[in-house]
Amino acid sequence: MKRVLITGGAGFIGSNFIRHLLARYDYEVVNFDKLTYAGNPDNVNDLQSDRRYRFVKGDICDPAAVNVALDGCDAVVNFAAETHVDRSLIDAGAFIQTDVHGVFALLEAARQHGVERFLHISTDEVYGPRFPANPAREDDPLTPANPYAASKAGGEMQCQAFFRTYGLPIIVTRSRNNIGPRQHPEKAVALFITNALEDLPLPVYGEGLQVRDRLYVDDNCEAIDLVLHRGQPGEAYNIGADNERPNIEVAQAVLDLLDKPRDLIRFIEDRTNHDARYSLDTSKIRALGWEPQHDFETAMARTVAWYRDNPWWWQKIRSGEFSVYYQQQYAGRLARSHGP
Ligand code: NAD
Ligand code: TYD
């Protein structure tokens, strides 16, 4: 492998993964990103001085642009996606466009170029809600429940079709909720931390009893690296950390770590069709030699410390378009909320 095309590398996980690749290998990296509201030049600007790194602004739905970016690349890692469940509940159009049609356009270009590896980044949400008594295995059927999850499942179906039909060497990862540096403050943990830092209420949906795993992003990057180099084409790999907690405990942990009062927590009207929890069997990736290095406490402490130490990064986002979204999404519900 010499040159890798990373799509969506100006987002949260993609920017962490590019740093991981450049630190560990002597690969050239082309970061192809549309810079949507979630794509942030601040996530990668410091990489410009590395001669092995190149940024290309473009849309994975645009075959001509993708073709140019793919020139000389022998592998693709596709992080590009619309990713926020709450936004998909308001309007799923952009999700279908990027997460389904965009994946198809990227696959088609990769087929023309004959890449060695096409790693598609997917999510535990494609299985739909699951409980620990019945954790999802990689060959289980995909039964997504919300528009984001359904669009990610649609992209995966295209990947399967290109593997079976054209022998394109596709591999898929399905990970649980990531946390860590550079996650957009629309996502729960980053939102709770940045609100707490500004002494604003933490909006917890329902009674905060829904459960998510909290996988530290560096652990996911290690897993993606492993699968990129040693995964089996045509296969999917579940990635999870066993750091499951109900959302209320996550909000409490944020406040405790920042020494803020717990009465900042506000219970607000729940998300429509909120998936209660997910559950993954991760024995397949663990059999390849991977295990997470961050338990819940370490992952949370590192994440909180990064936001506390980098207000320049998140204050810019929160004062921009996000403030309009935040008002629409939360103002009414916070006015009707109740405390602990
Ligand atoms: P993110 O929202 O932080 O970043 C997405 C990036 O994709 C942005 O830089 C954006 O500009 C770019 N992008 C969006 N549409 C594009 C398009 N049409 N063409 C080119 N670039 C485009 O997302 P993230 O949290 O880093 O997630 C990365 C991937 O991992 C996604 O595929 C997501 O579904 C998956 N995933 C995320 C999590 C998580 O907890 N964050 C968990 C499981 C899976
Ligand atoms: P989120 O970070 O949006 O990820 P996902 O929906 O993909 O799991 O949400 C994580 C959990 O936190 C989920 O159960 C919804 C909940 N949540 C809140 O309680 N309040 C919020 O403001 C947000 C954004 C999410």
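I will try to describe carefully the structure that is included in this document. (Residues numbered from 1 in each chain as written. Chains lettered and ligands numbered in written order. Predicted model: local features only at pLDDT ≥ 70, side-chain atom pairs only at ≥ 80, totals over all residues. Heavy atoms only, no water.)

**Some thoughts on the site of ligand 2**
Taken together, the neighbourhood of ligand 2 is formed by 19 residues, with E125, R212, R271, H274 and Y330 sitting nearest. At 3.0 Å, a side-chain N or O of N177 approaches an oxygen atom of ligand 2. The backbone of Y205 places a nitrogen or oxygen atom 2.9 Å from an oxygen atom of ligand 2. For ligand 2, the protein covers 96% of the area, taking 510 Å² as the surface of the free molecule. Looking at the shell around ligand 2, the elements with two or more residues in it are helix 3 (85-90), helix 6 (188-197) and strand 8 (202-205). Residue composition of the shell around ligand 2, by class: 8 nonpolar, 5 polar and 6 charged. (Near = heavy atom within 4 Å. Polar contact = N/O pair within 3.5 Å; in protein donor to acceptor, adjacent residues only side chain to side chain. Areas by Shrake-Rupley, 256 points an atom, 1.4 Å probe, with all protein chains shown as cover. Helix = DSSP H or I, 4+ residues; strand = E, 2+ residues; numbered from the N terminus. Nonpolar A, V, L, I, M, F, W, Y, C, P; charged D, E, K, R; others polar.)

**Description of helix 10 (residues 296-309)**
The end-to-end C-alpha distance of helix 10, which contains 14 residues, comes to 20 Å, matching closely the 20 Å that a straight helix rising 1.5 Å per residue would cover. Restricting attention to buried positions, one finds in helix 10 the residues F296, A299, M300, T303, V304, W306 and Y307. Projected down its long axis, helix 10 shows its buried positions confined to an angular sector of 160°, all on one face. Against strand 7 (178-179), helix 6, strand 10 (215-216), strand 12 (245-246), helix 8 (247-257) and helix 11 (311-318) lie the buried residues of helix 10. (Expected span 1.5 Å × (residues − 1). Buried < 20%, exposed > 50% of the residue type's maximum accessible area, 1.4 Å probe, protein only. Arc of directions from axis to C-beta. Contact = heavy atoms within 4.5 Å.)

**Focus on the site of ligand 1**
Near ligand 1 there are 29 residues, and of these I13, D33, T83, Y148 and K152 occur at the shortest range. Within the backbone of L35, a nitrogen or oxygen atom sits 3.4 Å from an oxygen atom of ligand 1. A distance of 3.0 Å is found between a nitrogen atom of ligand 1 and a backbone nitrogen or oxygen belonging to I60. Protein burial of ligand 1: of its 830 Å² of free accessible surface, 97% is covered by the chains. Looking at the shell around ligand 1, the elements with two or more residues in it are helix 1 (12-24), strand 5 (117-123) and helix 5 (147-166). Here the shell around ligand 1 gets 3 residues from one element, more than from any other, and that element is strand 5. Taken together, the residues that form the shell around ligand 1 break down as 11 nonpolar, 13 polar and 5 charged.

**Regarding the environment of I224**
Relative to the helices and strands, I224 is located in helix 7 (residues 217-230). On the basis of relative accessibility, which here comes to 0%, the residue I224 falls in the buried class. When the C-alpha atoms of I224 and S175 are compared, they prove to be 9.6 Å apart, with 49 residues separating the residues in sequence. Discounting residues that sit within four places of it in the chain, I224 has contacts with I13, F17, V77, F79, L119, I121 and T173.

**Observations concerning the state of the cysteines**
Here is the idea: a disulfide is a covalent bond, and it sits between the sulfur atoms of two cysteines. Across all of its chains, the model carries 0 disulfides by this definition. In this model C159 remains outside any disulfide bridge; the closest cysteine sulfur is found in C61, 14 Å from its own. On the basis of relative accessibility, which here comes to 1%, the residue C159 falls in the buried class. (Disulfide = S-S within 2.5 Å.)

**Observations regarding the pairing of strand 5**
Of all the 7 residues making up strand 5, 7 are buried; the element is thus mostly covered by neighbouring parts of the structure. Residue alternation in strand 5 divides its side chains into two sets, R117, L119, I121 and T123 and F118, H120 and S122, and both sets are buried. As paired elements, strand 4 (residues 75-78) and strand 5 share 4 bridges and run parallel to each other. Directly across from N78, in strand 5, lies its bridge partner H120. Of the strand pairs in this sheet, strand 5 and strand 6 (residues 170-175) are connected by 6 bridges, and their pairing is parallel. From the neighbouring strand, T123 faces strand 6, where its bridge partner is S175. Chirality of the crossover, the property in question, places the unit of strand 5, helix 5 and strand 6 among those that are right-handed. (Pairing = 2+ DSSP bridges. Right-handed = clockwise from strand over helix to strand, strands pointing away.)

**A look at the packing of aromatic side chains**
Geometrically, a pair of aromatic rings is defined through the distance of the ring centres and the angle of the planes. Under the defined criterion, the tally for this structure stands at 11 aromatic pairs. Their ring planes at 70° and their centres at 5.3 Å tell us that W306 and W313 sit as a pair that is edge-to-face. The same class applies to W306 as to W313, namely buried. Grouping aromatic residues by their ring pairs yields a cluster made of F322, Y325, Y326 and Y330. Its end group placed over the ring of Y325, R87 keeps NZ or CZ at 4.0 Å from the ring centre. (Phe/Tyr/Trp six-rings, centres within 6.5 Å; stacked < 30°, edge-to-face > 60°. Lys NZ or Arg CZ within 6 Å of the ring centre and 35° of its normal.)

**A closer look at the side chain of S279**
Mapped onto the secondary structure, S279 falls in the loop between strand 13 (265-268) and helix 9 (283-287). Among all residues touching S279, those that are not within four sequence positions of it are R130, F131, P132, P135, A136 and R176.

**So, the sheet that holds strand 2 (residues 28-33)**
Across the sheet, 7 strands lie side by side as 3-2-1-4-5-6-11; this open sheet has parallel pairing. Because the sheet does not close on itself, it has two edges, and the strands there are strand 3 (53-57) and strand 11 (236-239). On average, each strand axis in the sheet is tilted by 20° relative to the strand beside it, whichever way the strands run. The sheet strands contacting helix 4 (residues 93-113) are strand 1 (3-7), strand 4, strand 5 and strand 6, and the helix crosses strand 5 at an angle near 165°. (Axes fitted to C-alpha atoms, helices over the stretch in contact; angles between N-to-C directions.)

**A word on the environment of L334**
Counting through the fold element by element, L334 comes out in helix 12 (residues 321-335). Note: C-alpha distance between L334 and I268 (66 residues apart in sequence) is 6.1 Å. If sequence neighbours within four positions are ignored, L334 has contacts with P201, P203, R266, I268 and Y326.

Keep in mind these numbers describe shape, not what the thing actually does.
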